[in-house]
Amino acid sequence: MNNFNFSELCCLFCCPPCPSRIAAKLAFLPPEPTYTFIEDEGSSKFTISLSERAEWQYNERELESVEGFYARTSRGNRIACVFVRCSATARFTLLFSHGNAVDLGQMSSVYLGLGSRINCNIFSYDYSGYGLSNGKPSEKNLYADINAAWHALRTRYGISPENIILYGQSIGTVPTVDLATRYEVGAVVLHSPLMSGMRVAFRSTKRTWFFDAFANIDKVPKVTSPVLVIHGTSDDVIDFSHGQAIYERCPRAVEPLWIDGAGHNDVELYNQYYERLKQFVSIELVN
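Residues numbered from 1 in each chain as written. Predicted model: local features only at pLDDT ≥ 70, side-chain atom pairs only at ≥ 80, totals over all residues. Heavy atoms only, no water.

The protein chain goes by Alpha/beta hydrolase domain-containing protein 17B in an unreviewed UniProt entry, where it is assigned to Polistes dominula.

Here's what the structure looks like:
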């Protein structure tokens, strides 16, 4: 998320831009792709090939657990998807919407490590304009992207909604919340969520303006699934107060995880992150 100078602030208030302009200004920083897909002959599946910048932490055999393919969105974009088979005994699959400035290549090690530790498989996708996904990043494309991912997960792998956990991190909480308002699922995890774009840019903002974008705060009351909110108390990108406000507005919020001292990009370095997720998935959702 960016800071604004005086002239930009004047432009925002004197000539407020449309939501897509705010979205582009605040959120989207797609990196150079860190992976490619290699087609399996006679199949719609792809093997993922990672560049050094993806920083894969495991061996080549474990990389075979990552299966790639493409899905088509309602807005005409082709998005890259991966299914990471982390566990042969997993009941739940995370539909993971990643954060900003990363792609599926960089997240592959994260997915395998997370899924293995909490006994879940992980399905993920790159937003339009990220990785191998074509098109341009926009708020409307975010919603179309997760819709395509959802339907691919349901039809290609036959996983029922009660066994799907929607997981959104940072900007990924935006499509996650939107989808969660339309489908009841096993659970929802919101990792460093934002209330709205304007509330990130201007921390004193108390209402949703007509030109605002990413208005999670207005949508979460409509989420009927159990919601776990995770946020670092020292987050200097999306202030901790965003996580607290989202938690307070969720009808079926479970005990949140506030990680003392954690920032925006280091929550995964704290053991309580994995402990809380494992308890949520293996105990709270099962009982």
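**Looking at the overall build of the protein chain**
Scanning the protein chain from N- to C-terminus turns up ten helices and ten strands. Here the protein chain holds 287 residues, and the buried ones make up 56% of them. For the protein chain, contacts bridging at least 24 residues in sequence account for 68% of all contacts bridging at least 6. A total accessible area of about 12,700 Å² is found for the protein chain, and carbon and sulfur atoms account for 48% of it. (Helix = DSSP H or I, 4+ residues; strand = E, 2+ residues; numbered from the N terminus. Buried < 20%, exposed > 50% of the residue type's maximum accessible area, 1.4 Å probe, protein only. Contact = heavy atoms within 4.5 Å. Areas by Shrake-Rupley, 256 points an atom, 1.4 Å probe, with all protein chains shown as cover.)

**Some points on the nonpolar core**
Formed by 45 residues in total, the largest nonpolar core has its most connected members in L95, F123 and L166. Considering each element in turn, this core owes the most residues, nine residues, to helix α5 (residues 139–157). In terms of nonpolar packing, the next biggest core, distinct from the first, is built from 42 residues, Y35, F46, A80 and I122 among them. (Core = buried A, V, L, I, M, F, W, Y, C linked by side-chain atoms within 4.5 Å.)

**A few points about helix α4 (residues 104–118)**
Under the 1.5 Å per step criterion, the end-to-end length of α4 is 20 Å for 15 residues, consistent within 8% with the ideal 21 Å. Taking the largest bend as the criterion, α4 deviates by roughly 25°, centred on V110. All buried positions along α4 are accounted for by L104, G105, M107, S108, S109, Y111, L112, G113, L114, G115 and I118. Near the N-terminus of α4, the side chain that reaches the backbone nitrogen of G105, with its oxygen 3.1 Å away, is that of D103. Directly beyond the C-terminal end of α4, a positive phi value near 60° is found at N119. (Expected span 1.5 Å × (residues − 1). Bend = angle between axes of the 7 residues up to and from the residue. Polar contact = N/O pair within 3.5 Å; in protein donor to acceptor, adjacent residues only side chain to side chain.)

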